[in-house]
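Examination of the molecular architecture
What follows is each chain in one-letter form.
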Amino acid sequence: MRSSGPIPPVPLALAALLALLAPMPLTAQMDAPAPMQILLRRVAANEVRFERARGNYTYRQDFSFFAYDRNHNPGGYYKVSTDITFTPDGRRFQKTIHGPVNALQIVRLTGKDFVDLRRVIPLVLTPAKLSQYQIRYLGPATVALHDDQGRPTAHRLRTQVFHLSPRQIWPGQRYFQGKIWVDPKTKGIVQLSGRPVPQIRRWVHGHQEENLFGGFTTYFARIDGRFWFPVYTQGDDWLGFVGEPVEMEEYVRFRHYQRFGATSSFKVIGPVHKPPH
């Protein structure tokens, strides 16, 4: 998001052209033991299946963003609720249910914020995307699963943690930088925490353009006991604008997952234990 002020927008045609000029992805660089490299490649292969499956589900997405000045005085908010659904003949479309209500005063959301909302906050780490990152293995960790209101559940998972950073940042492209928690049994991402990059600071026609992005954490749950889908995102961070820092809070709730043409259920699945012989 940008601080409020006379800042000219970046032409969409230029951004699209730069995206087309980006080179083909390379091989991922991994600083990890061989078993962890194999695990992450299997996770990436699974992500293709999860992405394809999510494309066959309807769900509601609630997005809320709040801004505060350095003294924590309210600086406005933005809210919108959207249904991702299908027409009777099976065509996928997005329908706004509530809003958008834009009452932001000290910052404004940009096109890149909404790109991040679609592609970075619910990161899908397919093999093509995996190749864009430098990856470092951090070790094991036990995490609590969360529901679609961001509340921790009683279920705990023993996960493997990796840090991702872009190998190279190409103009017009958006990336994730931070940590992911992977379930080694189901080969799925169960949590991620980081920020969208790059942060943008440049001079345009004598004005400094600042387009800054805060940190966030996204929680995933197994839908129908099969697919790891995002269910809740929360962010609380300070954006260091030159004029005045701004505190931001954002919340994204993904709910009512239902497979098109069938009944779906939301299940928080804990560790799988084999029955005794």
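Because the structure is predicted, anything quoted here is derived from the model rather than measured.

1. Regarding the packing of aromatic side chains
- Under the criterion given, the structure shown has 17 aromatic pairs.
- With centroids separated by 6.0 Å and ring planes inclined at 50 degrees, the aromatic side chains of Phe 63 and Tyr 78 adopt a geometry described as tilted. In this pair, Phe 63 sits in strand β3 (residues 57-68) while Tyr 78 sits in strand β4 (residues 74-86), placing the two residues 15 residues apart along the sequence.
- When the ring of Tyr 133 is compared with that of Tyr 175, the centres are 6.5 Å apart and the planes differ by 85 degrees; the resulting orientation is edge-to-face. Of this pair, Tyr 133 sits in strand β7 (residues 133-146) while Tyr 175 is found in strand β9 (residues 175-183), placing the two residues 42 residues apart along the sequence.
- Classification of Tyr 133 as buried rests on a relative accessible area of 3%.
- An aromatic cluster is defined as three or more aromatic residues linked by ring pairs; in this entry it consists of Phe 50, Tyr 57, Tyr 59, Phe 227, Phe 229, Phe 254 and Tyr 257.
- Over the face of the ring belonging to Tyr 77 we find Lys 79, whose NZ or CZ atom lies 5.7 Å from the ring centre.
- Sitting over the ring of Phe 213, Arg 174 keeps its end group 4.1 Å from the ring centre.

2. Describing the pairing of strand β14 (residues 227-239)
- Burial of β14 is extensive: 10 of the 13 residues sit out of reach of the surface.
- Here seven bridges tie strand β13 (residues 216-223) to β14, and the two strands are oriented antiparallel to one another. By the bridge assignment for β14, Arg 222 is matched with Trp 228.
- The antiparallel hairpin formed by β13 and β14 contains three residues in its connecting segment, where Asp 224 sits at a positive phi of about 60 degrees.
- Looking at chain direction, β14 and strand β15 (residues 246-259) are connected through eight bridges and run antiparallel. Bridge assignment links Thr 233 to a residue of β15, and that residue is Val 252.
- As consecutive antiparallel partners, β14 and β15 are separated by six residues.

The rules behind these values
- Residues numbered from 1 in each chain as written.
- Predicted model: local features only at pLDDT ≥ 70, side-chain atom pairs only at ≥ 80, totals over all residues.
- Heavy atoms only, no water.
- Phe/Tyr/Trp six-rings, centres within 6.5 Å; stacked < 30°, edge-to-face > 60°.
- Helix = DSSP H or I, 4+ residues; strand = E, 2+ residues; numbered from the N terminus.
- Buried < 20%, exposed > 50% of the residue type's maximum accessible area, 1.4 Å probe, protein only.
- Lys NZ or Arg CZ within 6 Å of the ring centre and 35° of its normal.
- Pairing = 2+ DSSP bridges.

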